[in-house]
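Structure at a glance
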Amino acid sequence: LILFLIIDIIRLLLLPVHKKFKSKINRAQSWGVIIITGFFLVYVPTRILYDYYSVQVSHIEYKKNNLSEELNRFKIVLISDIQADRYTNKSRLTNYIDKVNALKPDLVLIAGDVITSTPNYIKTSADFLGRINSKHGVYSCVGDHDNWAYRDDTQRSLREIKQALAKKNVFMIDNAKKVIDINGAEIFVTFATNTYAEKISKTLLDTLAVQNIKNDFSIFLTHQPLSNLISTARQNNYDLFLAGHTHGGQISFIFPFITLSPTLLETKYVRSAFYFDDMLVYVTRGLGMSLSPVRYNSTPEITEIILKK
């Protein structure tokens, strides 16, 4: 429809100048509409199927001058929005987790949303996430949907999800800090919970974001890539800010130069990499879906970040 509108505007601009070519201009407009319609009648269903069955692995290098030798070539894998449900079924989950394991990660971080809703898929999600092989563990922050297994009882939802994950050695951390020792080098990770169900206060955010200066590397992990969280992480000199939530737009329209998606109403950080001084912000597209059981121009993603000296 956007392209039809562009063709209409071009036609309206040309007609006053080239009146004698009115029939040719109208004919060109008609052919333009036919070609665009034909293309999208094929492209739309093909792309929806592709984005349902495919997974893209994105490779990012993060270089730091004073990086500890123990962390040189350290491999962090970021995943998000697993959202196990009747659409993100065992077949999609198997494909996704197999690709994670093929990367042989040193550390796996999950940016929340391990289910979509209802308690029916808590065990399924935990079982699949428990298959991840990561040398230094698998950790998750809290996502929006992790509060909604029981719609009227967010505490029970989180409690049951945390317990199910912990049984599989996957640890969901709620507004806390963790230091991960890597052969004497320390990775400092802040797990900040900022969801629709629970907004983090500025006081708590500032407390969580304060680092120990002896840490060799620092990561801020949260679900929603919001400006105030990014700003706080930047002010506290984090190396990485990692998030999910957006599904990369989930339904994104073809448009020049920008990712045109309803997600832009919530955040301008829809997908991929953003740099703030020396801090890398990465918003991964994740796997699952919400509101609509389709993805369009937003292929599921696993993000591999390799640290280099």
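Look up a bit, the structure's there.
Here is a short report on the structure shown in this document. Only a predicted model underlies this, so the values are computations on that prediction, with no experimental measurement involved. (Residues numbered from 1 in each chain as written. Predicted model: local features only at pLDDT ≥ 70, side-chain atom pairs only at ≥ 80, totals over all residues. Heavy atoms only, no water.)

Notes on the sheet that holds strand β5 (residues 170–172)
Our working rule: When DSSP finds two or more bridges between two strands, those strands count as paired. Secondary structure elements follow DSSP: runs of H or I no shorter than four residues count as helices, runs of E no shorter than two count as strands, and numbering proceeds from the N terminus. Note on geometry: axes are C-alpha line fits, over the in-contact stretch for helices, and angles between N-to-C directions span 0 to 180 degrees. We call two residues in contact when some of their heavy atoms are within 4.5 Å.
Ordered by their spatial adjacency, 6 strands build an open sheet running β1-β12-β2-β3-β4-β5, and the pairing between neighbours is mixed. Taken across any chain shown, the strands that pair with only one partner, and hence form the sheet edges, are β1 (56–63) and β5. Neighbour-to-neighbour, the strand axes of the sheet open up by a mean angle of 20°, direction not taken into account. Across 4 bridges, the pairing between strand β2 (residues 75–79) and strand β12 (residues 301–308) is antiparallel. Counterpart to Lys75 in the pairing with β12 is Ile306. Sheet contacts for helix α3 (residues 90–102): β2, β3 (107–110) and β12; angle to β12, the most-contacted strand, approximately 10°.

A word on a nonpolar patch on the surface
The condition is simple: Patch membership requires more than 30% relative accessible area and the absence of a salt bridge. Residues of like charge join within 9 Å; the nonpolar side chains Val, Leu, Ile, Met, Phe, Trp and Tyr join within 5 Å. Here, Shrake-Rupley sampling with a 1.4 Å probe gives the accessible areas, and only protein chains in the shown set may cover a residue. Salt bridges are counted wherever a side-chain nitrogen of Lys or Arg sits within 4 Å of a carboxyl oxygen of Asp or Glu.
Among the surface-exposed residues, Ile2, Leu3, Ile6, Ile10, Leu14, Phe255, Phe257, Ile258 and Leu264 lie close enough to one another that they form a single nonpolar patch of about 820 Å² accessible area. Along the polypeptide, Ile2 turns up in helix α1 (residues 2–14).

Some thoughts on the packing of helix α4 (residues 122–129) against helix α5 (residues 154–167)
How we decide: Left-handed describes a crossing whose near helix is turned anticlockwise from the far helix by less than a right angle; the clockwise case is right-handed.
Relative orientation of the contacting elements α4 and α5 amounts to 35°, with a least axis distance of 8 Å. Of the two elements, α4 crosses α5, and the hand of that crossing is right-handed. Residues Ile122, Ala126 and Leu129 of α4 form the contact with α5, whose own contacting residues are Glu160, Ile161, Ala164 and Leu165.

A short note on the packing of α1 against helix α2 (residues 22–53)
For clarity, the cut-off: Just so you know how the angles are binned, under 35 degrees is roughly parallel, over 145 roughly antiparallel, 65 to 115 roughly perpendicular, and the rest oblique. In this count, Pro and Cys sit with the nonpolar residues alongside Ala, Val, Leu, Ile, Met, Phe, Trp and Tyr, while Asp, Glu, Lys and Arg are called charged and the others, Gly among them, polar.
With their axes 10 Å apart at the nearest point, α1 and α2 run at an angle of 170° to one another. In terms of axis orientation, α1 runs roughly antiparallel to α2. Residues Leu3, Phe4, Ile7, Asp8, Arg11 and Leu14 of α1 form the contact with α2, whose participating residues are Ile25, Asn26, Gln29, Gly32, Val33, Ile36, Thr37 and Phe40. For the contact of α1 with α2, a count of residues per class yields 8 nonpolar, 4 polar and 2 charged.

Comments concerning the pairing of β2
Short version of the rule: Note on classification: 1.4 Å probe, protein chains only; a residue is buried when its accessible area is under 20% of the maximum for its type, exposed when over 50%, partly exposed between these limits. Orienting the strands away from the viewer, one traces the path from the first strand over the helix to the second; a clockwise path indicates a right-handed crossover.
Extensive coverage of β2 is indicated by the burial of 5 of its 5 residues. Side-chain alternation along β2 places Lys75, Val77 and Ile79 on one buried face and Ile76 and Leu78 on a second face that is also buried. Where β2 and β3 come together, 4 bridges link them in parallel fashion. In the sheet register, Leu78 faces β3, and the bridge partner there is Leu109. Read from β2 through α3 to β3, the crossover connection turns out right-handed.

Examining the environment of Val270
Checked against the element boundaries, Val270 lands in the loop between β9 (240–243) and β10 (272–276). For Val270, a relative accessible area of 4% puts it in the buried group. If we ignore the near neighbours within four places in the chain, the residues touching Val270 are Thr246, Gly248, Gly249, Thr259, Thr263, Leu264 and Val283.

Focus on helix α7 (residues 227–235)
Our working rule: This arc corresponds to the set of directions leading from the helix axis out to the C-beta atoms.
Buried within α7 are the following residues: Leu229, Ile230, Thr232 and Ala233. Down the axis of α7, the buried side of the element spans an arc of 160°, and every buried residue falls inside it. Structurally, α7 contributes buried residues whose contacts are with α6 (202–209), β8 (217–222), β9, β10 and β11 (279–283). Asn237 sits one or two residues past α7 and shows a positive phi near 60°.

Examining the nonpolar core
Side chains of a nonpolar character, in soluble globular proteins, are inclined to be buried together. Definition in use: Residues belong to one nonpolar core when they are buried, are Ala, Val, Leu, Ile, Met, Phe, Trp, Tyr or Cys, and are joined through side-chain atoms within 4.5 Å.
In this structure, Ile79, Tyr96, Val108, Leu129, Ile132, Leu165 and Ile302 are the most contacted members of the largest nonpolar core, which totals 31 residues. Of all the secondary structure elements, the ones that give two or more residues to this core are β2, α3, β3, α4, α5 and β5. Apart from residues no more than four positions distant in its own chain, Tyr96 is found in contact with Val55, Ile79, Ser80, Ile82, Gly286, Leu287, Glu301 and Ile302. Core analysis: the next-biggest nonpolar cluster, separate from the first, contains 28 residues, Phe74, Tyr139, Ile173 and Leu221 among them.

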